[in-house]
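In case you want the letters, here they are:
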Amino acid sequence: MSGFFSQAQQLQAPDVAYQAVLPMLLVLGAACVSVLFEAFLPRERRWGWQVALTVVTLAGAAISLIVYGNDAPKAGVKTFSDVLTIDRPTLFLWGTLLLLAFGAVLLIADRSVEPGGAFVAQAAIRPGTLQDRVQAAKVGMQTEVFPLTLFALGGMMVFCAANDLLTMFVALEVLSLPLYLMAGLARRRRLLSQEAAVKYFLLGAFASAFFLYGIALLYGYAGSVKLADIATAAAGTNRSDTLLFAGMGLLVVGLLFKASVGPFHTWTPDVYQGSPTPVTAFMAACTKVAAFGGILRVLMGAFASTNWEWRGVLWGVAIASMAIGAVLGLTQTDVKRMIAYSSVAHAGFLLVGSIALTSKGVSGTLFYLLAYGLTTVATFGIVSLVRDADGEASHLSQWAGLAKRSPIVAGVFTFLLLALAGIPLTSGFVGKFVVFSAALQSGMAPLVVVALVFSAVAAFFYLRVIVLMYFSEPAADGPTVTVPGAFTTMAITIGALATLVLGVFPSFALDWAGAGGFTF
Amino acid sequence: MTPSYYLLLSAVLFSLGAVGVLVRRNAVVVFMCVELMLNAVNLSLVTFARINGSLDGQVMAFFVMVVAAAEVVVGLAIIMSIFRTRRSASVDDSNLLKY
């Protein structure tokens, strides 16, 4: 026994830069507390406590991030024996994630739009039974959605700071598993919601198996899963290129799946449509930020030196993603599915910035993520307002003539759609501009031309909705526009205002995004 | 016996799992095929640990097992709930969301 203790004392515990990782620790710690709330508080008091805890946590994490970010070392800090890197892009991504999660949590917590909230009171009750009809009238909601949100957010924060592939894999699962469950918790149309959950889960597990096999092959190639070691091994050895490129291919497929890029997008429309709308907002905005944070770090950190071998393939993927998103988006009749295809097209634009592999490419992609995320949260906020007796009226034909019923909602939605299309004076335009100019500078002119063509095609289906809202007669039994409560109003206002501010005065956010590069 | 046979076996198991996910119809079997893929990866991690002469790969295999167990919890819960609703776990029956 004494031998054990003397040996244990010789072990050196890794240094932890607590101040740097405080935002992440706060979010994960609060997630655990939130689980305890579920266990010990009486059912009727849980909602209030959970909302208070979540909002306070997000605010606390944001404050600690700002305090640390003010005098953080420019070169970044590596901590937990180098598995996490807190550098400038990490700080920017964390800030973005916290802001977007705040908006999404406001939508999740809202109980005014749908009486009792968008979440089912008890997910275990079988849809369509008598008990289910009883619970549909009840006010309560399954408050487990709050700890799940916090765990997913914590996973996302680890994911975009991870400096080695194993940490990245664990973070990927921590962010995905709660999202699979959240997708299945809708109060209305529960069959669709459960179907979305099962599809997301099976395809997500399939993709993470590919991700993992990629890690194993890269481990075999480099003898380590640290990004820097893989980069060193790839720079100049006579090891097997098969392992390197097979490993990288599988790894990137897993990442592209999470980011819903191009041919790996098949889950996106179904899951976006079936999930409760606040969860769709969270998933669409935050998962994209985390996934592209990971893609940027992996491509820059581990594979930059071999880029002439693989860049062509990712060109193809980016073009496929833009084409699929823009063309299939045209044919959609459901507003949530249409936004899902728009997110596939946006993922293509983001990939154009990610494969520029320059500091301008990184800062442009980061800015694009912030702008796109805020617009998306507000968009889904608006989608949740247009309702009929059956819940959300998401079929596009029901949106006809909306401007005559509710000019404000139609006006804000028009503005957000114009931002998604990338019209000047919106953040979407600035985002596209910085990403495309970075791609141009790194010699990808043909790709930029293709991207511009597809942004024009995509603009058409946004305009189609605008025309529908303003120039058609409303149907007699059309949907009503719910007057939102404080939470949803706040989320939509934050998103729409940020879309405007980032479009008119983007320089401060661009400075933050470009404050420093990755450290590996 | 060279370690590369184990890598080959792992690749074969992984492919079997991947094909199983694509062709099987029952959600539980599809999920088992995903587990087969994860365990195939474990085999290659351990083999690479042997080839590289480091323990990292074996430790990673433990991480993968823990993650796979967590995935089972979430996955079976979701499959259970949809089975109770539809009295079927066939992935072909989940066809409400399309186009």
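Residues numbered from 1 in each chain as written. Chains lettered and ligands numbered in written order. Predicted model: local features only at pLDDT ≥ 70, side-chain atom pairs only at ≥ 80, totals over all residues. Heavy atoms only, no water.

**Concerning the layout of surface pockets**
Residue and element names in this part refer to chain A. Volume-wise, the largest pocket comes out at about 760 Å³. Looking at the largest pocket, it is lined by 24 residues, and the ones nearest its centre are L65, I66, G95, T96 and W512. Among the elements of the structure, α3 (43-70), α4 (88-109), α15 (359-383), α20 (486-504) and α21 (507-513) are those that each provide at least two residues to the lining of the largest pocket. The element contributing the most residues to the lining of the largest pocket is α4, with 8 residues. Among the residues making up the lining of the largest pocket, the classes are represented as 19 nonpolar, 4 polar and 1 charged. (1 Å grid on protein atoms, 1.4 Å probe; cavity = no way out; pocket = protein on both sides within 12 Å on 5 of 7 lines; lining within 4 Å. Points joined across faces, edges and corners; volume = space filled by probe spheres on them. Helix = DSSP H or I, 4+ residues; strand = E, 2+ residues; numbered from the N terminus. Nonpolar A, V, L, I, M, F, W, Y, C, P; charged D, E, K, R; others polar.)

**Quick look at the sheet that holds strand β3 (residues 386-388) of chain A**
Spatial ordering of the open sheet is given by β4-β3-β5 (chain A), a layout of 3 strands whose pairing is antiparallel. Edge strands, defined here as strands with exactly one partner in the open sheet, are β4 (391-392) and β5 (480-481) of chain A. (Pairing = 2+ DSSP bridges.)

**Regarding the UniProt feature "domain: NADH:quinone oxidoreductase/Mrp antiporter transmembrane" (unreviewed entry) in chain A**
If you check UniProt for "domain: NADH:quinone oxidoreductase/Mrp antiporter transmembrane" (unreviewed entry), the listed places come out as residues 162-453 of chain A in our numbering. When the span residues 162-453 of chain A is considered, its composition is 77% helix and 2% strand, and the gap between its end C-alpha atoms is 35 Å. (UniProt positions renumbered as here; feature names shortened; annotations may be inferred.)

**Let's talk about a nonpolar patch on the surface**
Residue and element names in this part refer to chain A. Among the surface-exposed residues, L425, L497, L500, V501, V504, F505, F508 and W512 lie close enough to one another that they form a single nonpolar patch of about 790 Å² accessible area. Every element with two or more residues in the nonpolar patch is listed here: α20 and α21. Considering every element that reaches the nonpolar patch, the biggest residue donor is α20, with 4 residues. Position of F505 among the secondary structure elements: in the loop between α20 and α21. (Patch = residues over 30% accessible without salt bridge, like charges linked within 9 Å, V, L, I, M, F, W, Y side chains within 5 Å. Areas by Shrake-Rupley, 256 points an atom, 1.4 Å probe, with all protein chains shown as cover. Salt bridge = Lys/Arg side-chain N within 4 Å of Asp/Glu carboxyl O.)

**Remarks on the UniProt feature "transmembrane region" (unreviewed entry) in chain B**
All names here are of chain B. According to UniProt, the positions carrying the feature "transmembrane region" (unreviewed entry) are residues 6-23, 28-49 and 61-83. In residues 28-49, the share of helix is 100% and the share of strand is 0%. The end C-alpha atoms are 32 Å apart. The annotated region residues 61-83 carries 100% helix and 0% strand content, and the separation between its end C-alpha atoms amounts to 32 Å.

**Observations concerning empty space enclosed by the protein**
All names here are of chain A. Applying the stated criterion across every chain, the model contains 4 cavities of 30 Å³ or more. The space that makes up the largest cavity amounts to roughly 60 Å³. Along its surface, the largest cavity is lined by H346, Y368, A371, Y372, T375, A419, L420, S427, G428 and G431. Elements with a contribution of two residues or more to the lining of the largest cavity: α15, α17 (407-421) and α18 (427-441). No other element matches α15, which puts 4 residues into the lining of the largest cavity.

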